[in-house]
Amino acid sequence: ALKYFNKGWATSQELADPGLMKSAVTFSTFFHYWQGRFQEAVKIYEDHVSEMDKNLQGNFPLIAYLTIGYCYTLIGQVAQGLGMIATARHICIKTNNLFLTAYSDAVMASSLLNLNRIDEAIEYIHSSYGKIKKWPDNPLLLFFNILFAFAHYLKGDKKKATTYLKKFLKLRDRLNISIM
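Values in this document were obtained by computation on a predicted structure and should not be read as measured data.

Visitor: Looking at this structure, I do not really get the side chain of Ser128. What am I missing?
Guide: Here Ser128 shows up in helix α8 (residues 118-132). The exposure class of Ser128 is buried, given its relative accessible area of 1%. In this structure the side chain of Ser128 is engaged in a polar contact, spanning 2.4 Å, whose partner is the side chain of Asp105. Apart from the residues within four sequence positions on either side, Ser128 is in contact with Thr101, Ala102, Asp105 and Phe144.

Okay, here's the thing in structure tokens:
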């Protein structure tokens, strides 16, 4: 996969087509993130920030922006990352995009848990959990349940942690998702 990614990346740079480059930069964000190459994801974002920041409309660009924000928090540039996540969340709220608002809350909560800011993380989880629960087959519920389980585990509340872990496992099985 890396060989083909590098070939595609080189081709997109050679063609210098702004539309193609924006898509390539967005895709590279996910490609590097999924490989755990957070610094590389941030570097490509910084090299092509104008392509990514010009138009944060639509789900895919906003999810990429949230991913870069999360990457910033993972490489120690916490203020930058949390700021990007908050900006994306604000756009999602403003456009009344419930799914992406919830997703941005999950990304923020995940970032805050990594920083051991447990109570703040729980606030973000609570912010969207009730709304997302209305859609029982929404994969975001998996994310929220595992975040709740981890947060309560970190707080030392093993009973609540176990409750949310069981909800996570039950939903994972019902949705037939085997990678989590």
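Visitor: I'm lost on the pattern of salt bridges in this one. Help?
Guide: It is possible for side chains bearing opposite charge to pair when their charged atoms get close. Tallying each qualifying case throughout the model produces 7 salt bridges. Taking the shortest distance from any N to any O, the salt bridge between Arg89 and Asp105 comes out at 2.3 Å. Taken together, the residues span a long stretch of sequence, with Arg89 in helix α6 (residues 78-94) and Asp105 in helix α7 (residues 98-114) at a distance of 16 residues. This pair shows no difference in class: Arg89 is buried, exactly as Asp105 is. With its nearest N and O atoms 2.8 Å apart, the salt bridge here joins Glu120 to Arg117. Given a relative accessible area of 34%, Glu120 falls into the partly exposed group. Judged by its relative accessible area of 32%, Arg117 falls in the partly exposed class.

Here is what the cut-offs are and how they apply
Residues numbered from 1 in each chain as written. Predicted model: local features only at pLDDT ≥ 70, side-chain atom pairs only at ≥ 80, totals over all residues. Heavy atoms only, no water. Helix = DSSP H or I, 4+ residues; strand = E, 2+ residues; numbered from the N terminus. Buried < 20%, exposed > 50% of the residue type's maximum accessible area, 1.4 Å probe, protein only. Polar contact = N/O pair within 3.5 Å; in protein donor to acceptor, adjacent residues only side chain to side chain. Contact = heavy atoms within 4.5 Å. Salt bridge = Lys/Arg side-chain N within 4 Å of Asp/Glu carboxyl O.

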